[in-house]
Every structure is written in C-alpha cells, then in structure tokens.
Amino acid sequence: MIDIESDIIRAVEQAVAQKRPDVAVYDMEIRGEAMFPCIVLYEADNYSLMSSRDTGSTDNHAQVMYELNVYSNLTAGRKRDCRAIYALADEALCRMGFTRMGTSPVDMQDATIYRLTGRYSAVVGRDKMIYRRA
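Because the structure is a prediction, the values reported are computed rather than measured.

> Which parts of the structure should I look at to understand the environment of Val40?
Mapped onto the secondary structure, Val40 falls in strand S2 (residues 38–48). In this structure Val40 comes out as buried when scored by relative accessible area, which is 2%. Spatially, the C-alpha atoms of Val40 and Asn69 are 5.0 Å apart, while their sequence positions differ by 29 residues.

> Just to check I follow, could you spell out the nonpolar core for this structure?
Generally speaking, soluble globular proteins have nonpolar side chains that are buried together. Ranked by internal contacts, the top residues of the largest apolar core, which has 30 residues, are Ile4, Ile8, Ile39, Leu41, Leu68, Leu93 and Phe98. For this core, the secondary-structure elements that each account for two or more residues are helix H1 (5–19), S2, strand S3 (61–72), helix H2 (78–96) and strand S5 (114–125). With seven residues, H2 is the single largest residue contributor to this core. Excluding anything up to four places from it in sequence, Ile39 contacts Val16, Val23, Ala24, Val25, Tyr26, Leu68, Asn69, Val70, Ile85 and Ala89.

What counts and what doesn't
- Residues numbered from 1 in each chain as written.
- Predicted model: local features only at pLDDT ≥ 70, side-chain atom pairs only at ≥ 80, totals over all residues.
- Heavy atoms only, no water.
- Helix = DSSP H or I, 4+ residues; strand = E, 2+ residues; numbered from the N terminus.
- Buried < 20%, exposed > 50% of the residue type's maximum accessible area, 1.4 Å probe, protein only.
- Core = buried A, V, L, I, M, F, W, Y, C linked by side-chain atoms within 4.5 Å.
- Contact = heavy atoms within 4.5 Å.

See the structure below:
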C-alpha cells in the first residue's frame, strides 16, 4: 500500500499554522473534548490503480481520497471563521495536486458549532508523487 497520510496531514497543518496558529489539527474524528477551531483531516480511501500494476502485482500508483472537516465554535462569526480556515487547508491540498470533489456544510446537533466538510482526490505514485489525473 502506498501511504502518504502523515505527509499530507503535516503539510496541511504547517500551511494553516502560518496564518492561523490557533487551529488544532487532528488525523481522526474526535469523540471527546476537542480544541476549537480545528481541522480533522484523514485518508478516507486508498486503493490500487489497477492499470499501473506490474506483473508482480506491485502497486505503482494508488487512488487516494482525503476528507477534510473544519469546525468553529465562535459565538459570533463561526461560519466566516470556518470558511476562512477551510480556504487555507483547501489551498494547501490543491497546491499539492489534489482535486476538490465537493464541499458542503454539515448540520450539527450542537448549533453552537459550524462545520464544513470536503473530499479531495488524487493519484499518488510509489515515489509519493501526486498526480491530478491518472
């Protein structure tokens, strides 16, 4: 399996921290106390690109998908804050070669929290090179 998850999360965390050092970054959904504002970014899918497998069944490329969730709980302006943080993470992911597949707000049971979620896709080579298209 071609695994670049920690590299991607670290790159997004560093890019966001340049403008928003107050944003916590997590690599999986938090089921307890989380710091706000925050980003939850993780690899949601990773599978072999069959057309590039060699005769030894070696994975030369993988199709990967990342899910990005951004949360803000500001008393006033949480939607604006969430969208600004999302834009920083989006820029970092797109700069790396990912394609945004969609972005949408998520209705939270706790109305004091605003959440945006998006999915990003790319093909990654065994050498960790990221391609927009296969």
